[in-house]
Amino acid sequence: MTPEEEFAEALRLRRKAAGLSLGGLSRLVNYSKSYLSRVENGSRTAGPALARECDTALHAEGELLGLLPDRTAAPERPRRSGQRRGGPVPGARARRAAPDGTDGTGGAGVAGASAASVASGGTAGSASGPAAGPGPAGSAGALAALGTFGAEFDQLIRRGDARHLLGDMYEAGRLYLAAYRAAEGDDLARAYAIVRCARRWSDPGQVDRDLIARIDDCLRTLAGREDLPAVELRLRLTAHRAKKLTMGVGDDTAVPGAEPGTSVDRARGALRELRGRLPGITAETHCEVLTECRWALYDFAPAGELLALSTELRDVATRSRSMYFIGEALVALAIDQLRVGRVTAADATVRRHREHAAHRHSTLARWQQGTLDALMNLWQGEFTAAEEWILGESRTIAEAMEENLSVPADTLSQTCLGQAYWLRHEQGRMADLFGSPLMTGVRRRDYFPVWRAGLALALCETGRHEQAADQVLAFAADTGGFTGFPPNGWALPTAAVLAQACAELAARDVRVEEWLPYVPPLRALLDAHPGDLVLAGWPTVLLGPAARFSGLLALVAGEPETALGHLRRAVRPAQHSPAQMARLRLDEARARSSSRSPAVRAKAGDLARTALTTAEELGMAAVARDCREFLRVSPVRP
């Protein structure tokens, strides 16, 4: 592909991702529609002035200007009278560079990853071009001339970065693998290409064994090398390997001998080495190791520890101006702020991500933002707004992207399903789920522990209590009585949903003696997180305070006073969620009604009536029904 063809492809991708027609772009850049069409189909060569205008209009951060060939551009079509001036700049070539030498997109001029570039002073992850900023890179032309694979490799990586940034992960992966094959014999370049491959999302719950094998091959070729490019690539590959291995959530999907828990030491080791080598490490490597190691630790480290990593990632990514890592950092930071109960701070982070998504002009970024907004709407009890997204545009985008193979087939659909499930749970309309194709999705994904728990709760909420008890008992049998869960991550929402299912079964006295012996491990897991909010997915929905679910299980175990202590602790993290407060008040009313103290029992009715009012206002039909039933049968009267 010639530089002109690459520019035309990048412009077309950027324009379509922004939802602009040729006419729409024409109005923004003051070039005619026909002229832009000829540029996109390769019959006209763009010059720096057009590239700069398109970079600005499409928020491409200098990417398009950086794709122009190293020569004075051909004369551009004159602008119409009254339009802004700004003719071609002879020799204009360089991308806008970040302080670390990256190109501001999360990509980099990757001729620097070749052996020849190392000899000339370049580093993996540094920017190419004569105006590459303070990063230690030489001239792109010099590197291309010296490197065996520089020009072809660099172009394939650039094209892959453009596809990845716009959400087309499969095509990005294909281009990265092409770069990997083109660089045969160049260990650094091949390792760089595999780092890029590893950024692609994996199917949820599955380990990409082919990718792990390629990472291992690259690590073997770099073993023992102490030159900085090799060290940085080895760090990045180690971090990716640790993260990818944690994708296996059960014996059927984990890699034998490399189960998720074994990655914790590798991730912590990579973080220690990173810190020991700072400040000599580039910002791109710094960001990459933080990003991947944080995810590798997600199921095993406390949320507060991860919040420190995501805060550091946000700061480094902001300084580097990498669009890719800024997006990764904002999502990670919002997740960790939510998990530690800092909902107001998370809301501010979500707003910043909205600005970022608008600048990226990516369908995937728009979907991520809509998902974050829906999560916050569900938490705040704004179910109508949430439903419009969850059952409307979210599903449309997910189906289109998965049909076009832009992302792994199950990545988006699981999030859509999780939000639809929780929406129906909050509305008390779980029966609607059973009457729709969504239920097939729940059953098909029961290799994920949280979906096994979700099926049990759905059965309870639709009156199928015997089947729900069967599900809980089978789940316990398969997991050593719920003792095989990690201490964080997916284990917390799984335990929280099981706690609700057990509370439903106990309220109807369904086979309590059979499943009650399996409650203590769930209690121990939840009790270890008294101040946390339980987040399902990455992210999908906030289920509520861990203390609330501890309270439910304490009540199931016949300990109403202990339950009340947990429920009181749950109020603080839930205070800005009217839906959660309605549930907490009903839970507290039930716990009080079981107390031996008349003074404690006396307040149960008032709490249930307050919960009923809120539930009716929000449209929480099941909670409202349970409040009425409680007030009907409770001995407590006003």
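Just so you know, these numbers come straight off a predicted model, no measurement behind them.

Visitor: Teacher, can you tell me more about the overall build of the protein chain here?
Guide: What the protein chain contains, in helices and strands, is 33 helices and two strands. By the burial criterion, 61% of the 638 residues in the protein chain qualify as buried. Look at the contacts in the protein chain between residues 6 or more apart in sequence, and 69% of them connect residues 24 or more apart. As displayed, the protein chain offers around 24200 Å² of accessible surface, 51% of which is attributable to carbon and sulfur atoms.

Visitor: Where do I start with unusual backbone geometry in this structure?
Guide: Most peptide bonds adopt trans geometry, and most residues besides glycine take a negative phi value. In this chain, Leu278 is followed by Pro279 through a cis amide linkage whose omega measures 5 degrees. Looking at where Pro279 falls in the secondary structure, it is placed in the loop between helix H13 (263–277) and helix H14 (283–296). For the bond from Trp538 to Pro539, the omega torsion is -5 degrees, close enough to zero to count as cis. Along the chain, Pro539 turns up in the loop between strand E1 (533–536) and strand E2 (541–545). In this structure, Asn30 is a non-glycine residue whose phi angle is positive, near 65 degrees. Examined against the element boundaries, Asn30 turns out to sit in the loop between helix H2 (22–29) and helix H3 (33–40). Residue Arg511 is not a glycine yet carries a positive backbone phi of 50 degrees. Secondary-structure assignment places Arg511 in the loop between helix H25 (491–507) and helix H26 (512–515).

Visitor: Explain the confidence of the model for the protein chain here, please?
Guide: Any segment with low pLDDT has predicted coordinates that should not be analysed in fine detail. With 84% of its residues at a pLDDT of 70 or more, the protein chain has an overall mean of 84. The model gives residues 77–148 a pLDDT under 50, and that stretch makes 174 contacts with residues more than four places away or in other chains.

Visitor: So what exactly am I meant to see when it comes to the environment of Arg360 here?
Guide: With respect to the helices and strands, Arg360 occurs in helix H17 (residues 343–360). For the pair Arg360 and Arg14, spaced 346 residues apart in the sequence, the C-alpha separation amounts to 9.0 Å. Not counting residues up to four positions away in its chain, the partners in contact with Arg360 are Arg14, His164, Leu165, Leu166, Met323 and Ala365.

Visitor: Can you walk me through the packing of helix H27 (residues 519–527) against helix H28 (residues 546–556) in this structure?
Guide: A pair of packed helices is characterised by two quantities: the angle between their axes and the separation of those axes. Contact geometry of H27 with H28 gives a least axis separation of 9 Å together with a crossing angle of 155 degrees. Our classification of the angle between H27 and H28 gives roughly antiparallel. In terms of crossing hand, the pair formed by H27 and H28 is left-handed. Each of Val519, Leu522, Arg523, Leu526 and Asp527 in H27 lies in contact with H28, whose residues at this interface are Ala546, Phe549, Ser550, Leu553 and Ala554. For the contact of H27 with H28, the residue count by class is seven nonpolar, one polar and two charged.

Visitor: Explanation requested: the packing of aromatic side chains in the structure shown.
Guide: The way to describe two aromatic rings as a pair is by their centre distance and the angle between their planes. Enumeration according to the criterion identifies ten aromatic pairs in this entry. Note on Phe475 and Phe485: the rings are 6.0 Å apart at their centroids and 45 degrees apart in plane angle, and the pair reads as tilted. Highlighted residues: Phe475 in helix H24 (residues 465–478) and Phe485 in the loop between H24 and H25, separated in sequence by ten residues. Accessibility expressed as a relative area gives 2% for Phe475, which makes it buried. Ring centres of Phe485 and Trp490 lie 5.3 Å apart, and the angle between their planes is 65 degrees; on these two criteria the pair is classed as edge-to-face. Judged by its relative accessible area of 14%, Phe485 falls in the buried class. With relative accessibility at 14%, the residue Trp490 sits in the buried group. Aromatic rings pair up to connect Phe475, Phe482, Phe485, Trp490 and Tyr518 into one cluster. The ring centre of Tyr180 lies 3.8 Å from the NZ or CZ of Arg190, which sits over that ring.

The rules behind each value
- Starting from 1, residues in each chain are numbered consecutively following that chain's sequence as written.
- A pLDDT threshold of at least 70 governs which residues receive local features in this predicted model, and a stricter bar of 80 or more applies before side-chain atom pairs are shown or counted, although totals over entire chains, interfaces and linings include all residues.
- Excluded from the side-chain calculation are hydrogens and water; included are all heavy atoms of the structure.
- Comment: elements are numbered from the N terminus, with helices defined as DSSP H or I runs of at least four residues and strands as E runs of at least two.
- Relative accessible area decides the class of each residue, using a 1.4 Å probe on protein chains only: under 20% of the type maximum gives buried, over 50% gives exposed, and in between gives partly exposed.
- Any two residues having at least one pair of non-hydrogen atoms within 4.5 Å are treated as being in contact.
- Exposure was quantified through the Shrake-Rupley algorithm and a 1.4 Å probe, taking into account, for residues, occlusion by the shown protein chains and nothing else.
- Per-residue confidence from the predictor is reported as pLDDT, which spans 0 to 100.
- Each axis is a line fitted through C-alpha atoms, and for a helix only the stretch in contact is used; angles between axes span 0 to 180 degrees, taken between their N-to-C directions.
- Working rule for angles: under 35 degrees goes down as roughly parallel, over 145 as roughly antiparallel, 65 to 115 as roughly perpendicular, anything else as oblique.
- Throughout, a crossing is termed right-handed when the near helix is turned clockwise from the far one, and left-handed when it is turned anticlockwise from it by less than a right angle.
- Residues are grouped as follows: Ala, Val, Leu, Ile, Met, Phe, Trp, Tyr, Cys and Pro are nonpolar; Asp, Glu, Lys and Arg are charged; all remaining types, including Gly, are polar.
- Under the pairing criterion, centres of Phe, Tyr and Trp rings, with the six-membered ring standing for Trp, must be within 6.5 Å; the plane angle then separates stacked pairs below 30 degrees from edge-to-face pairs above 60, leaving the rest tilted.
- For a Lys NZ or an Arg CZ to count as sitting over a ring, it must be within 6 Å of the ring centre and within 35 degrees of the ring normal.

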